[in-house]
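So the chains spell out like this:
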Amino acid sequence: MESIPPSYTPSPPSPSYSTQLLPGEQTVEETRRRSPQALNTGVFRRITDSTTLVLKDQQPGSITPVYGRNGLVRGHISLRSSEGLVEVTLKLEGHLRLETSGAAITTLVASDSYSLWSSSSTEPCPMTLPFTIFFPSTFMDRCKPQPLPPSFEHKLATCTYTLSVVISRPRRFLSSFRSSDCLVVPVCYHPRSRPHTPMLPSDVPFMTTVKSSPEEWHQVLSTMNATQSSRLTPVQCLLFIPSSQVYPLSETIPFHLQLRAPSSSLAPFIDKSAPNHGLPVLSSEEISIRVYILRQVVVKIFEEQKSSNRIIGEGKLTCSSPLPDNHHSYRNVPLGKGIDCLDWDGELQYTEEVTIGSFATNPLSVRDFIVLSLEPLQPLKCPLLASKHLHPIRLVTDPWSDHAVTW
């Protein structure tokens with residue numbers, strides 16, 4: 001016996017909504033959305049004898065057009081003459097060039113072609129051809145989508161993008177063949193990114209925030225060992241960095257460094273010739289203490305991997321008072337009997353003008369690290385061994401904002 005489906009009553013229409021508040025209503029929370037095109041009012045022009053390419057939504061005075069992730073590429077092409085044309089095409093291309101042992105490999109990471117007009121159309125070719133396209137955000141590598149790398153230039157890898165206008169005409173004596181005029185404009189692909197949470201201001205004292213908001217700090221542990229003959233206890237190194245571990249390129253990064261060990265192990269860190277004001281003085285004769293930002297460019301082709309490192313930021317350290325004995329940070333590594341502490345506050349500042357954040361795509365990745373380096377200046381005389389600890393972080397192009405922004 002077949003079952004009969006129940007009858008349904010049509011749902012009432014949904015109520016109408018408006019952004020305008022009614023009497024007695026108030027806004028609890030609002031997310032403002034603004035487009036970068038609203039901020040970029042400039043126009044880029046490239047003019048030749050036969051063609052003019054106009055690109056909108058650029059910063060006034062910009063030399064190279066810039067587009068973000070899924071960026072809107074809009075403008076128009078003006079033709080001096082449309083007589084005898086076969087086709088007008090707009091092409092967006094990207095090339096990733098990688099340097100390997102004795103050779104260079106180039107990969108096509110973007111290849112989009114748009115026919116703006118062709119002779120198969122029933123309409124004559126207009127003198128002005130408007131267009132609106134989107135910058136791709138991925139490319140296919142071995143049948144897998146990969147994030148499109150930003151415009152990038154390095155000795156190991158170069159990623160470039162171009163926007164081309166191709167004007168096709170029949171050849172004068174061979175009408176079945178085409179001749180083409182091509183206008184090529186380099187463009188910059190600059191995808192933007194933000195941290196998911198704000199970072200504490202660098203001018204706020206560490207001691208103040210670590211007590212009231214311990215969740216704002218991430219603790220990085222490492223050890224500086226001693227020579228076997230010295231019989232000294234290794235030095236425990238605690239580096240406190242903002243907990244998000246995602247930092248904008250436009251802001252300094254605050255940190256706090258604490259060294260824990262018996263006084264005999266910490267002695268090389270104290271400058272005995274300096275006046276004693278109750279604070280440790282960074283020794284310039286025994287051990288170099290350095291905190292810096294390291295950028296690593298990695299290229300991997302088949303089984304071969306090449307990397308290159310450079311320092312893009314340096315830390316400035318100043319002595320500070322130690323944490324109280326009952327502070328929560330001692331819970332993971334208790335401050336044992338006979339253990340002393342040396343403390344420094346610091347700021348990491350970029351020493352180079354870096355505009356590209358960390359990114360990873362096959363076969364190119366740009367990785368960033370905060371490095372704590374403790375290095376004896378006279379290794380043969382110092383009872384402590386050199387220590388270098390790399391902690392991965394992510395650098396982003398823009399600071400945190402409570403306003404949603406479309407890019």
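Residues numbered from 1 in each chain as written. Predicted model: local features only at pLDDT ≥ 70, side-chain atom pairs only at ≥ 80, totals over all residues. Heavy atoms only, no water.

S.K.: Could you give an account of the pairing of strand β4 (residues 72-79), with specific residues and numbers?
M.R.: Only one face of β4 is buried, namely the one carrying V73, G75, I77 and L79, since none of L72, R74, H76 and S78 on the opposite face is buried. Pairing of strand β2 (residues 51-58) with β4 involves five bridges; the strand directions are antiparallel. Looking at β4, one finds that T51 is bridged to L79. With seven bridges joining them, β4 and strand β7 (residues 128-134) adopt antiparallel strand pairing. Bridging from a neighbouring strand, S78 pairs with T128 of β7. (Buried < 20%, exposed > 50% of the residue type's maximum accessible area, 1.4 Å probe, protein only. Helix = DSSP H or I, 4+ residues; strand = E, 2+ residues; numbered from the N terminus. Pairing = 2+ DSSP bridges.)

S.K.: Just give me the short version of the sheet that holds β7, but keep the residues and values in it.
M.R.: Two strands in a sheet stick together by hydrogen bonds in their backbones, pointing the same way (parallel) or opposite ways (antiparallel). Ordered by their spatial adjacency, four strands build an open sheet running β1-β2-β4-β7, and the pairing between neighbours is antiparallel. Looking at the sheet topology across the chains shown, the edges are occupied by β1 (42-47) and β7. The mean inter-strand angle of the sheet, taken between neighbouring strand axes irrespective of direction, is 20°. Pairing of β1 with β2, which is carried by five bridges, proceeds in the antiparallel orientation. The residue of β2 that forms the bridge with R46 is L53. (Axes fitted to C-alpha atoms, helices over the stretch in contact; angles between N-to-C directions.)

S.K.: Tell me what's going on with the pattern of salt bridges, and back it up with residues and numbers.
M.R.: Summed over the entire model, instances satisfying the criterion amount to seven salt bridges. For R97, the salt bridge goes to E99, with nearest N and O atoms at 3.1 Å. Residue R97 is classed as partly exposed on the basis of its relative accessible area, which comes to 40%. A residue is classified by how much of its surface remains accessible, and E99, at 27% relative accessible area, is partly exposed. Between E314 and R290 there is a salt bridge, with its nearest N and O atoms 2.3 Å apart. (Salt bridge = Lys/Arg side-chain N within 4 Å of Asp/Glu carboxyl O.)

S.K.: Describe the environment of H95, naming the residues involved and giving the relevant values.
M.R.: Structurally, H95 can be placed in strand β5 (residues 87-100). As a C-alpha pair, H95 and P149 span 54 residues in sequence and 9.9 Å in three-dimensional space. Those residues within four positions of H95 in sequence are excluded, and the remaining contacts are T106, T107, L108, V109, T158, C159 and T160. (Contact = heavy atoms within 4.5 Å.)

S.K.: Run through unusual backbone geometry, naming residues and quoting values.
M.R.: The omega angle of the peptide bond from N362 to P363 is 15°, so this bond is cis rather than trans. Mapped onto the elements, P363 comes out in the loop between β20 (359-361) and β21 (364-376). Although it is not a glycine, D57 adopts a positive phi angle of roughly 65°. On the secondary structure map, D57 appears in strand β2. With a phi close to 55°, R142 is a non-glycine residue in the positive phi region. The residue R142 is located in the loop between β8 (138-141) and β9 (144-147) in this model.

S.K.: Which residues make up the side chain of S244, and what values do they have?
M.R.: Within the element layout of this structure, S244 appears in the loop between β14 (235-242) and β15 (246-248). Judged by its relative accessible area of 13%, S244 falls in the buried class. Once you skip the residues sitting within four places of it in the chain, S244 turns out to touch H196 and T197.

S.K.: Which residues make up the nonpolar core, and what values go with them?
M.R.: I77, F135 and Y161 are the most contacted members of the largest nonpolar core, which totals 42 residues. For this core, the element with the most residues is strand β11 (residues 157-170), which contributes six residues. If we skip the residues at most four places from it in the chain, I77 touches T51, T52, L53, V88, L90, L116, M127, T128, L129, F131 and V165. V291, W344, V354 and I370 belong to the second-largest nonpolar core, a separate cluster that totals 35 residues. (Core = buried A, V, L, I, M, F, W, Y, C linked by side-chain atoms within 4.5 Å.)

S.K.: Mind laying out the packing of aromatic side chains, listing which residues take part and the relevant values?
M.R.: A complete count under the given rule lists seven aromatic pairs for this structure. Taken together, a centroid distance of 4.9 Å and an interplanar angle of 75° make the contact between F206 and W217 edge-to-face. Taken together, the residues F206 in helix α1 (residues 206-212) and W217 in strand β13 (residues 217-224) connect sequence positions 11 residues apart. Residues F206 and W217 agree in their burial class; the two are buried. Ring pairing ties together the aromatic residues Y67, F135, Y161 and Y189, which thus form one cluster. Across from the ring centre of Y292, 4.4 Å away, lies the NZ or CZ of R290, which sits over that ring. (Phe/Tyr/Trp six-rings, centres within 6.5 Å; stacked < 30°, edge-to-face > 60°. Lys NZ or Arg CZ within 6 Å of the ring centre and 35° of its normal.)

Don't take any of this as a statement about function, it's just geometry.
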